[in-house]
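Summary of the model geometry
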Amino acid sequence: MSAPHDALIVLDIGKTNAKLALIDAGGTVLAERRRPNAVRTDGPYPYHDTDGLWDWLLATCRELARLAHVSAIVPVTHGATAALVDDAGLVLPVLDYEADLPGLDYDAPPYDETLSPRLPAGLNLGRQLAWLQARFPDAFGRAHHILMYPQYWAWRLCGRAASEATSLGCHTDLWDPRRQAYSSLVARAGWTALVPPLAPAHAVLGTLLPAVAAATGLPPDCEVLCGIHDSNASLLRYLGKGEGTVLSTGTWVIAAAFGASLDALRERADMLANTNALGRPVACMRFMGGREFGELAGAAPVPCGFDGLERLVAHGTLALPCFAATGGPFAGRAGTILGRHPTDARERYALATLYCVLVTDYCLDALGATGPLAVEGSFTANPWFGPLLAALRPAQAVSYSDDASGTTCGGWMLRYRDAPPPGGSTVVAARAPDGFAGYKARWRSALA
């Protein structure tokens, strides 16, 4: 094929999978490569395989460099993750946010300051950093920088350290969303000198280090952008369009309600304020929907027909939260199934779909979400999620993004900020089994 005049690579590291997407200046995806993002357990604690990802990144970029002239790389990653580095590299492995952090007396800032709920394990990044500082003081003391995860990859690519608000503002305890400034924790813990200067997500931090350019075959003048938190990448195409709600789906299902009041957020329900790429707080609520769907549907999901949904609703089979160990409004409750249990893979898929729709609807009600409801990410591949959700929320027009990966599109938009976002959306028609409103009422009642 002939090489396009200009293209970029989006490095998209999700909690479950990592992806490299080669996208041209018009927004067309030219190539895409994936690999599992496994957590390693052969170190002092569960950690991310940054070396394995780096080797894969270099090798895959060598392949993509033969397909197009790549002018930029944009890192996009999951949140609640940071790297401690000196001039040579990591001083400690990058801690997995699902790891237990025993023996820590962690003094988090008040919820009213950070709008960051107290979460289990390491989902509050400040807790991770405090645990590492207490458990490994010598290594922590060698660190020159605390880098949010997208900016860690930008630093490895170009050598310049930066901080960025969307990752800092993702339930880290490090950020005050109302002031758009560091929280009191940063100074109190002695980390002020470790946080690099702030830069916008779209900022060009530099060009590839010579060794990286040589290893990848990418042009030496290939620029490295600061990067962004993945759920905020999904929001980019909707910013500045008034009220509405975006549902970013993947390992986490995150509802972001533009225009919703921050005063309505409740810590115990895992409600929080994220910071968007424009530096503004957004009321959010989330649960580990992709993880819970997998627990209910099984390792090899088989899509159901509409009749599968009808049977479960008619029999009154209910999945009650929750089926993930961390996060969400029902964290700490053990998931149960009431009624006749599913007997095959299609019925398990149907039950997982019904469950995720009902939890999503619960979160949207709690947020006071209004306006058009756009679904981004992996749940757009589910033929029944959108129609069922639309049936429960007739006042909100539900649409599926034509881009199955809003994170990839968001990465592209950081580079081509003045261009209209590629693709579009498809309005979803409401469809639900008879008695679905009553099924929802029984589910809500069973939660009490």
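Residues numbered from 1 in each chain as written. Predicted model: local features only at pLDDT ≥ 70, side-chain atom pairs only at ≥ 80, totals over all residues. Heavy atoms only, no water.

Per an unreviewed UniProt entry, the recorded name for the protein is FGGY family carbohydrate kinase, and the organism is Massilia pinisoli. A UniProt comment under Sequence similarities (unreviewed entry) is attached to the protein, and it reads "Belongs to the FGGY kinase family." (UniProt positions renumbered as here; feature names shortened; annotations may be inferred.)

Looking only at helices and strands, the protein has 15 helices and 22 strands in total. On C-alpha atoms alone, the protein measures out to a radius of gyration of 22 Å, which is about the 22 Å that the 2.2 N^0.38 rule sets for 448 residues. The dimensions of the protein, computed from C-alpha atoms along their principal axes, are 65 × 60 × 45 Å. Looking at the protein as a whole, 61% of its 448 residues are labelled buried. Looking at the protein alone, contacts between residues at least 24 apart form 72% of all its contacts between residues at least 6 apart. For the protein, the exposed area adds up to about 16900 Å²; of that, 53% sits on carbon and sulfur atoms. If you average the places of the 36 positive and of the 42 negative side-chain charges in the protein, the two averages end up 3 Å apart. (Helix = DSSP H or I, 4+ residues; strand = E, 2+ residues; numbered from the N terminus. Rg over C-alpha atoms; globule rule 2.2 N^0.38 Å. Buried < 20%, exposed > 50% of the residue type's maximum accessible area, 1.4 Å probe, protein only. Contact = heavy atoms within 4.5 Å. Areas by Shrake-Rupley, 256 points an atom, 1.4 Å probe, with all protein chains shown as cover. Lys, Arg positive; Asp, Glu negative; His and termini not counted. Charge placed at Lys NZ, Arg CZ, Asp CG, Glu CD.)

As a further point, take the environment of Ala99. Relative to the helices and strands, Ala99 resides in the loop between strand 7 (82–85) and helix 2 (111–114). Overall, the relative accessible area of 4% leaves Ala99 in the buried class. For Ala99 and Tyr47, which are 52 residues apart along the polypeptide, the C-alpha to C-alpha distance reads 8.4 Å. Excluding residues within four positions of it along the chain, Ala99 makes contact with Pro46, Ala121 and Gly122.

Our next topic: the side chain of Glu164. By the element assignment, Glu164 lies in the loop between helix 5 (149–158) and helix 6 (165–168). Reaching out from Glu164, the side chain makes a polar contact with the side chain of Thr166 at a distance of 2.6 Å. Engagement of the side chain of Glu164 in a polar contact is seen with the backbone nitrogen of Ser167, the distance being 3.3 Å. With residues near it in sequence (within four places) discarded, Glu164 still touches Gln151, Leu198, Ala199, Pro200, Ala201, Cys226, Gly227, Ile228 and His229. (Polar contact = N/O pair within 3.5 Å; in protein donor to acceptor, adjacent residues only side chain to side chain.)

The feature "domain: Carbohydrate kinase FGGY N-terminal" (unreviewed entry), as annotated in UniProt, sits at residues 128–236 in this numbering. Secondary structure within residues 128–236 divides into 42% helix and 16% strand; the distance between the first and last C-alpha atoms comes to 28 Å.

Okay, the packing of helix 1 (residues 50–65) against helix 5 next. Relative orientation of the contacting elements helix 1 and helix 5 amounts to 55°, with a least axis distance of 13 Å. It follows from the interaxial angle that helix 1 and helix 5 lie oblique. The way helix 1 lies across helix 5 gives a crossing that is right-handed. When helix 1 is examined against helix 5, the residues Thr50, Asp51, Leu53, Trp54 and Leu57 are found in contact with a partner set consisting of Tyr149, Tyr152, Trp153, Arg156 and Leu157. Taken together, the residues of the contact of helix 1 with helix 5 break down into seven nonpolar, one polar and two charged. (Axes fitted to C-alpha atoms, helices over the stretch in contact; angles between N-to-C directions. Parallel < 35°, antiparallel > 145°, perpendicular 65-115°, else oblique. Left-handed = near helix turned anticlockwise from the far one by under 90°. Nonpolar A, V, L, I, M, F, W, Y, C, P; charged D, E, K, R; others polar.)

What follows deals with the sheet that holds strand 21 (residues 398–401). Pairing in this open sheet of seven strands is mixed, and the strands run 16-17-15-14-20-21-22 from one edge to the other. A single partner strand is all that each edge strand has here, and the edge strands are strand 16 (271–275) and strand 22 (425–427). If you compare each strand with its neighbour and ignore which way they point, the axes differ by 30° on average. In terms of strand pairing, strand 16 meets strand 17 (residues 281–287) through five bridges, oriented antiparallel. From the neighbouring strand, Leu272 faces strand 17, where its bridge partner is Cys284. Along the sheet, helix 12 (residues 345–367) contacts strand 14 (244–249), strand 15 (253–258), strand 16, strand 17 and strand 20 (373–377); its crossing angle with strand 17, the most-contacted strand, is approximately 150°. (Pairing = 2+ DSSP bridges.)

On to helix 1, then. Here helix 1 is 16 residues long and its end C-alpha atoms lie 22 Å apart, about the 22 Å a rise of 1.5 Å per residue gives. If you check which residues of helix 1 are buried, you get Thr50, Gly52, Leu53, Trp54, Trp56, Leu57, Leu58, Thr60, Cys61 and Leu64. On the buried face of helix 1, the contacting elements are strand 1 (7–13), strand 2 (17–24), strand 3 (29–36), strand 5 (47–48), helix 5 and helix 8 (210–216). (Expected span 1.5 Å × (residues − 1).)

Tallied over the full model, the rule gives 23 salt bridges. For the salt bridge of Arg40 with Asp49, the shortest nitrogen-to-oxygen distance reads 3.8 Å. Take Asp49: its relative accessible area is 14%, and that puts it in the buried class. Notably, a salt bridge pairs Arg340 with Glu347, separated by 3.2 Å at the nearest N-O pair. (Salt bridge = Lys/Arg side-chain N within 4 Å of Asp/Glu carboxyl O.)

Here we come to the environment of Phe379. If you trace the backbone, Phe379 turns up in the loop between strand 20 and helix 13 (385–392). Judged by relative accessible area, which is 7%, Phe379 ranks as buried. Expressed as a C-alpha distance, the spacing of Phe379 and Asp344, which sit 35 residues apart in the sequence, is 21 Å. Setting aside residues up to four positions removed in sequence, Phe379 forms contacts with Thr249, Val253, Gly289, Gly290, Phe293, Cys356, Phe385 and Tyr400.

This next bit is on the pairing of strand 20. By the criterion of burial, strand 20 is predominantly enclosed, with five of the five residues buried. Here five bridges tie strand 14 to strand 20, and the two strands are oriented parallel to one another. In the sheet register, Ser248 faces strand 20, and the bridge partner there is Glu376. Strand direction decides the pairing type here: strand 20 and strand 21, joined by three bridges, are parallel. In the strand pairing of strand 21, Leu373 is matched with Val398. With respect to chirality, the unit in which strand 20 leads through helix 13 into the neighbouring parallel strand 21 is right-handed. (Right-handed = clockwise from strand over helix to strand, strands pointing away.)

Relative placement of two packed helices is described by the angle separating their axes and the distance separating the axes. The N-to-C vectors of helix 12 and helix 13 enclose an angle of 40°; their axes lie 10 Å apart at closest approach. When the interaxial angle is binned, helix 12 and helix 13 end up oblique. Where helix 12 crosses over helix 13, the two elements pack in a sense that is right-handed. Between helix 12 and helix 13, the contacting residues are Thr353, Leu354, Cys356, Val357, Leu358, Thr360, Asp361 and Leu364 on the first element and Phe385, Leu388, Leu389 and Leu392 on the second. Partitioning the contact of helix 12 with helix 13 into residue classes produces nine nonpolar, two polar and one charged.

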